[in-house]
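# Remarks on the overall topology
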Amino acid sequence: MSSDNGDRVILTHPLGATATILKYGATCILWTVGGAERLWLSEGAHLDGSKAVRGGIPLVFPVFGPGKKNHPTEALPQHGFARTSTWEFLGQTTSDPVAVQFGLGPEQVPEATRALWATPADFLVVVTFTLSATLLTTAVEVANTGSAAFDFQWLFHTYLRVQAIDSVAVQGLVGQTRLNQLTSADVTDSHEVVFSEEYDLVYKQVPESVAITVAEHGAVTHTTRRVNLPDAVVWNPWIAKAGGMADFTPKDGYRHMVCVEPGHVSSFVSLAPGALWHASQELL
Ligand code: BG6
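Right, let's walk through the structure included here. The shown structure was predicted, so the numbers you read here are calculated from the model rather than taken from an experiment. (Residues numbered from 1 in each chain as written. Predicted model: local features only at pLDDT ≥ 70, side-chain atom pairs only at ≥ 80, totals over all residues. Heavy atoms only, no water.)

To continue, consider the state of the cysteines. A full pass over the atoms with the stated rule returns zero disulfides. Unpaired in terms of disulfides, Cys259 finds its nearest cysteine sulfur in Cys28, a separation of 13 Å. (Disulfide = S-S within 2.5 Å.)

Shown next as structure tokens:
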């Protein structure tokens, strides 16, 4: 079942799993299975609509990272406006698994921000959260409802909760090429990702058949599957960057999270008038 609690929607599965989605950003801020939290949410996250949520699953659209030079996204804020707009709750579509939908069109985006996207885009984005006993699937459809093509990027900025980052390995990416955003170098990975410093890696064109897993002490605790999302960001801010983010608390929180973020971010999706693009991430 689902209940609309004003600023958030709460999903409850008959076998006990729960998910909470804020209308602000259509941000999933809590997902529990067997009472255990599966996502990391900063204790200092702003949940009142004053700032993008630090943790959970912020939605990144129409640009990943800063606006791109000489591109209609150039003036947009970091990671676009989906995460800082209040989405419309469209209702529940199924009961087992329990699924709910949220919609975002230009009218939901604060006008001053919308005006920073130098494209006459008319769009409708619908995100569907589907909660089963052990899975949380987040699907997106972007429709071009206007008469001109537009370009966009999409990313699920998923913060996974881990016990201790020193015992974590991100698996499945050996042999894949990644851009290290901290050095701008492209490297092909020869080993699993283990953490001892800040990482900001964009894996590009990872085959859809690859499940990205997080193992702790060698045992898989999270599995991420992707549909129509060729790229994946792996991010941990480590000590200095976490220290510099006012909404990142406690300060050692970087030890309890790793972001595995499926997206289409190494290039733009070009959407023709009347066209529909869809993608999803499945978390286990
Ligand atoms: C990641 C980016 O997706 O998001 C990083 O790869 C960025 O470069 C991080 O630092 C957090 O971004 P923000 O805007 O939420 O602080």
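Okay, back to it.
Looking now at the sheet that holds strand S1 (residues 2–4). Read from one edge of the open sheet, five strands run S1-S2-S3-S4-S5, paired in antiparallel fashion. In the strand order of this sheet, the two ends are held by S1 and strand S5 (36–37), each with one partner. By the bridge criterion, two bridges tie strand S4 (residues 27–33) to S5 in an arrangement that is antiparallel. The partner of Val33 across the bridge, within S5, is Ala36. (Pairing = 2+ DSSP bridges. Helix = DSSP H or I, 4+ residues; strand = E, 2+ residues; numbered from the N terminus.)

All right, on to the nonpolar core then. Counting residues in each nonpolar core, the largest one holds 77 residues, and the members touching the most others are Phe61, Trp87, Phe123, Val125, Trp154, Phe195 and Trp277. Counting residues per element, this core draws most heavily on strand S21 (residues 257–271), at seven residues. In terms of nonpolar packing, the next biggest core, distinct from the first, is built from five residues, Leu22, Ile29, Ala45 and Val53 among them. (Core = buried A, V, L, I, M, F, W, Y, C linked by side-chain atoms within 4.5 Å. Buried < 20%, exposed > 50% of the residue type's maximum accessible area, 1.4 Å probe, protein only.)

In total, this model carries 19 aromatic pairs according to the counting rule given. Judged by centre distance (5.5 Å) and plane angle (55°), the rings of Phe61 and Phe152 are tilted. With Phe61 in the loop between strand S6 (59–60) and strand S7 (88–95) and Phe152 in strand S11 (residues 150–156), this residue pair connects regions lying 91 residues apart in the sequence. You'll find Phe61 and Phe152 in the same group, each marked buried. (Phe/Tyr/Trp six-rings, centres within 6.5 Å; stacked < 30°, edge-to-face > 60°.)

Our next topic: the site of the ligand. Neighbouring residues of the ligand: Arg54, Phe64, Gln78, His79, Arg83, His157, Gln181, Asp200, Val233, Trp235 and Glu261. In this structure, an oxygen atom belonging to the ligand sits 2.9 Å away from a side-chain N or O atom of Arg83. Between the ligand and His157, the relevant distance is 2.7 Å, taken from an oxygen atom to a side-chain nitrogen or oxygen of the residue. Within the complex, 85% of the 400 Å² of free accessible area of the ligand lies under protein. (Near = heavy atom within 4 Å. Polar contact = N/O pair within 3.5 Å; in protein donor to acceptor, adjacent residues only side chain to side chain. Areas by Shrake-Rupley, 256 points an atom, 1.4 Å probe, with all protein chains shown as cover.)

One pass over the structure, following the stated rule, counts ten salt bridges. The shortest N-O distance in the salt bridge between Asp4 and Lys23 comes to 2.9 Å. Remark: Lys23 occurs in the loop between strand S3 (18–22) and S4 and Asp4 occurs in strand S1; sequence separation between them is 19 residues. According to the relative accessible area criterion, Lys23 is buried, its value standing at 14%. Ionic pairing is found between Lys204 and Asp186, a salt bridge with its closest N-O pair at 3.1 Å. A residue pair is termed long-range when its members are at least 10 positions apart, and Lys204 in the loop between strand S17 (199–203) and strand S18 (212–216) and Asp186 in strand S15 (residues 185–188) qualify at 18 residues. Taking relative accessible area as the criterion, Lys204 reaches 25% and is therefore assigned partly exposed. Relative accessible area serves as the criterion here: at 48%, Asp186 is assigned to the partly exposed category. Beyond isolated ion pairs, a larger network of salt bridges with shared partners links Lys51, Arg54 and Asp247. (Salt bridge = Lys/Arg side-chain N within 4 Å of Asp/Glu carboxyl O.)

A cis amide bond links Phe61 with the next residue in sequence, Pro62, at an omega value of 0°. Relative to the elements of secondary structure, Pro62 occurs in the loop between S6 and S7. The peptide bond linking Thr249 to Pro250 adopts the cis configuration, its omega dihedral lying at -5°. Inspection of the secondary structure assignment puts Pro250 in the loop between helix H2 (238–244) and S21. We note that His217 has phi near 50°; this positive angle belongs to a residue other than glycine. Here His217 lies in the loop between S18 and strand S19 (219–227). Judged by its relative accessible area of 70%, His217 is exposed. Of note in this structure, Asn228 is not a glycine but carries a positive phi near 60°. Assignment of secondary structure puts Asn228 in the loop between S19 and strand S20 (231–236).

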